[in-house]
Amino acid sequence: MQSFNPDEIQVSSGHYIGGRHVAGQGPAMDVRRPSDNAVYAGLPVADADLVDQAVQNAWSAFKTSTWATQAPRERARVLRRWADLIESDPGLAALEAVGSTRPIVNAAGWDVPFTAEGIRFFAEFADKIGGDVAATRSDSLGMTIAEPYGVIGAIAPWNFPLVMASWKIGPALAAGNAVVLKPSELTPFSAVRLAELAVQAGMPPGIFNVIQGDGRITGDALVRHPRISKVTFTGSTRTGSAIMAACAQTGTKPVTLELGGKSPQLVFADAPDLDKVARMVAGAIAGNAGQVCVAGSRLIVQRAVAERLVDGIASAFSALRAGHTWEAGATLSPIISPADAARIDGMVQRSVQAGATLAVGGRLAPVAGEGAFYLPTILTGVDANMEAVRDEIFGPVLTVQVFDDEDEALALGDHPSYGLAAGVHTADVGRALRCARGLEAGTVWINRYGRSDDYVLPTGGFKRSGMGKDLGRQAYEANLRFKTVLVDFAR
Ligand code: NAD
C-alpha cells in the first residue's frame, strides 16, 4: 500500500440508522488525526432520543425483516458478500489509517483483511449451531433451541477500530441479531463505511446501525435502553465496570466485557533463539505503540540472559520508524493524543523518581506536526509496587523484572487484578505447560507472543480483564440464547 494524502480523505460524519445516513444535530465534537493532531471532521453526539430512534429501528428490522428467520445459509451468504466488499473496498484502509494509530501498511495488510475474514469465520456458524435434543423420557421430546437475543448494543474502543468492532458485530449478526454499534468518538468513521457496505451486500436496512457520540451520553443511553437485550463491550476496565452496573440496573442484561491488561512475558534462560525472542518481546510492546489490550508490558526474565535480552530488545526498538500513519514507511504508531502521551510520560517519570532506571526511550520521537510519538521505552530496576509495573500504561513502555527460578517467575507473572494474556519462552515442554497452567490469564502463548489468524481460538480476560470471549465458537454462542421446549406425546 502506497502513502496517501490525508487531506483528500472524505468522511461520512453522521450516524447510520435504518440503512440511511442521519445528520447530527447540536454541536459537533472535533475529531483529530492522531498523527498530526489536526482536526479533520466534526462528530455529532447522539442524545437519548436519537439512540432510541436507532434502537427502535433495529428492533423493527429484527421483527419485520427475514434476517433472523430466513434459512441461516442465506444469512451466511450475505455476510460473505459483505466480507468480500470490505476486503475489496478501495478506500477503507486509508479511512482507517488517517484517523487512527494504525499505519497504512498495517491497516491495509492486517486490519482490513482480518476484519473481513473474521466476518466470514462467524458466517460459517450460522447453520452449524442450533441447539440440542435432550435426554428426556421417551414419550416426550425435549429440545434446546438457539435463538438470537433481538437488538444487541455494541461499544468499541479506538485502538483497532475496525477489528474490534468486527469482533462484536460479526458474531452478533451471524447469529441473527440486529446491532446498534457505538464506535469510539476518537475513531468513529470506518464503522459507518462498514454499515454502508453491509446494506450493499444485501443486509436488510436497520439490522446494523451506527450511532456516533461519546461514552457518557451516547454509550450510556445505548446500554440503558430497554430494547437492548445484551451488551458487548471492549474498552477499559473502569468503563466496563460502569457498563456492568448500568446493565444490572436496567434489566439484568447479559454483558460481554473485553477489558484492560498488564500482561507478562516470561523468558527462561533456555529459550530457543534469544535474538528471535528479543524481536518478539519488542514487537509485543511496541506494536501500535503499546496501545494494545494484550501488550506484553511486563518482561520477566531469568538472570543469566537478562542483559543480553534487554540489549536485543533495545536494538529491535531502534529499527522502528515513527511517522504519520499515511506514510508507507511508518512502523511506529502515534499515541492517540498528545494528552495521552503526557499521561504515559508522567507514569514513566514517576517510576524513575521512585527508583526505576530508564534504559532506553522515555521521551517523544521527533515527527513533523503536532502529533505525539513516544519512543519505545525500557524501565529496569523496577519493583512490583511501582506504578509502571502495576497499572496499564497503554503505551510503548516495557518494565523488566529479573528472576532466578520457575516459582519466582510465576509469582512475578501473576498480577493482582489483571489476567488478560501471558507469554512464556522456554525449550522445556514441562515447564511451558506448568507455566500455562499456573498463570492466571485468559490466553497463554508459548514461544510466541500475540494472536495468530486462528479465529477459532477465543480471546478474553480473567479477573478484571473481563468476562466472556471474543472470537471462537464461544463468541458466537454468546450471541444466542437457548430456549427449552418440551413436548409430551404420550397416548
Ligand atoms: P474506554 O473505556 O475509554 O472507551 C471504550 C468505549 O466505551 C468508547 O466507545 C467510549 O465512548 C465508550 N464509553 C465510555 N464511557 C462509557 C459509558 N459510561 N457507557 C457506555 N460507553 C462508554 O476505552 P478506550 O480508551 O477506547 O480503549 C482502551 C482500553 O480498551 C484499554 O484499557 C484496553 O486494554 C482496552 N481494550 C481491551 C481489549 C480486549 O480485547 N480485552 C481490546 C482492545 C482494547
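Just so you know, these numbers come straight off a predicted model, no measurement behind them.

Student: Help me get a handle on the site of the ligand, residues and values and all.
Tutor: Near the ligand you find 27 residues, and of these Ala 156, Glu 185, Ser 236, Thr 239 and Glu 392 are the closest. Here an oxygen atom of the ligand and a side-chain polar atom of Glu 185 are 2.6 Å apart. In this structure, an oxygen atom belonging to the ligand sits 2.7 Å away from a side-chain N or O atom of Ser 236. Protein chains shield 87% of the accessible area of the ligand, which is 850 Å² for the free molecule. Among the detected pockets, the ligand sits in the largest pocket. Sorting the residues of the shell around the ligand by element identifies helix 7 (215–224), strand 10 (228–234) and helix 8 (237–249) as the ones contributing at least two each. Both domain 1 (6–259 + 466–484) and domain 2 (264–463) contribute no fewer than three residues apiece to the shell around the ligand.

Student: Please set out the nonpolar core residue by residue, giving values where relevant.
Tutor: Grouped together as the largest cluster of nonpolar side chains are 124 residues, with contacts concentrated most on Trp 82, Leu 173, Leu 181, Met 203, Phe 208 and Ile 313. Residues lining this core come from more than one domain, with at least three contributed by each of domain 1 (6–259 + 466–484) and domain 2 (264–463). Apart from the residues lying within four places of it in its own chain, the contact partners of Leu 181 are Ala 154, Ala 156, Ala 165, Ile 169, Ala 191, Phe 208, Asn 209, Val 210 and Ile 211. Core analysis: the second largest hydrophobic core is formed by 21 residues, Ala 341, Ile 344, Leu 379 and Val 382 among them.

Student: Let's hear about the sheet that holds strand 6 (residues 140–148): which residues, and what values?
Tutor: Sheet architecture is open: three strands sit in the order 5-6-24, paired in antiparallel fashion. At either margin of the open sheet sits one strand with a lone partner, and together these are strand 5 (131–134) and strand 24 (480–488). Going from strand to strand, the sheet's axes swing by 15° on average, the running direction of each strand aside.

Student: An account of the packing of helix 2 (residues 72–88) against helix 6 (residues 189–200) is needed here, citing residue identities and associated values.
Tutor: Between helix 2 and helix 6, whose axes approach to 9 Å, the crossing angle comes to 130°. One way to sum up the angle between helix 2 and helix 6 is to call them oblique. Crossing of helix 2 against helix 6: the hand is right-handed. Residues Trp 82, Leu 85 and Ile 86 of helix 2 lie in contact with helix 6, whose contacting residues are Leu 194, Leu 197, Ala 198 and Gln 200. Its residues assigned to classes, the contact of helix 2 with helix 6 shows six nonpolar, one polar and no charged.

Student: With reference to specific residues and values, describe the pattern of salt bridges.
Tutor: Taken as a whole, this structure holds 29 salt bridges when the rule is applied. One salt bridge in this structure joins Asp 84 and Arg 120, with 2.9 Å as the shortest N-O distance. Placement of the pair is Asp 84 in helix 2 and Arg 120 in helix 4 (residues 104–123), with a sequence separation of 36 residues. Taking the relative accessible area as the measure of exposure, Arg 120 reaches 14% and is therefore buried. The salt bridge involving Arg 193 is made with Asp 89; its shortest N-O contact spans 2.7 Å. In this pair, Arg 193 sits in helix 6 while Asp 89 sits in the loop between helix 2 and helix 3 (92–98), placing the two residues 104 residues apart along the sequence. Residue Arg 193 is classed as partly exposed on the basis of its relative accessible area, which comes to 23%. If you follow the salt bridges from partner to partner, you end up with Asp 84, Glu 87, Glu 117 and Arg 120 in one network.

Cut-off values and rules
- Residues numbered from 1 in each chain as written.
- Predicted model: local features only at pLDDT ≥ 70, side-chain atom pairs only at ≥ 80, totals over all residues.
- Heavy atoms only, no water.
- Near = heavy atom within 4 Å.
- Polar contact = N/O pair within 3.5 Å; in protein donor to acceptor, adjacent residues only side chain to side chain.
- Areas by Shrake-Rupley, 256 points an atom, 1.4 Å probe, with all protein chains shown as cover.
- 1 Å grid on protein atoms, 1.4 Å probe; cavity = no way out; pocket = protein on both sides within 12 Å on 5 of 7 lines; lining within 4 Å.
- Sits in = over half its atoms within 2 Å of the grid points.
- Helix = DSSP H or I, 4+ residues; strand = E, 2+ residues; numbered from the N terminus.
- Domains from an automatic or database assignment.
- Core = buried A, V, L, I, M, F, W, Y, C linked by side-chain atoms within 4.5 Å.
- Buried < 20%, exposed > 50% of the residue type's maximum accessible area, 1.4 Å probe, protein only.
- Contact = heavy atoms within 4.5 Å.
- Pairing = 2+ DSSP bridges.
- Axes fitted to C-alpha atoms, helices over the stretch in contact; angles between N-to-C directions.
- Parallel < 35°, antiparallel > 145°, perpendicular 65-115°, else oblique.
- Left-handed = near helix turned anticlockwise from the far one by under 90°.
- Nonpolar A, V, L, I, M, F, W, Y, C, P; charged D, E, K, R; others polar.
- Salt bridge = Lys/Arg side-chain N within 4 Å of Asp/Glu carboxyl O.

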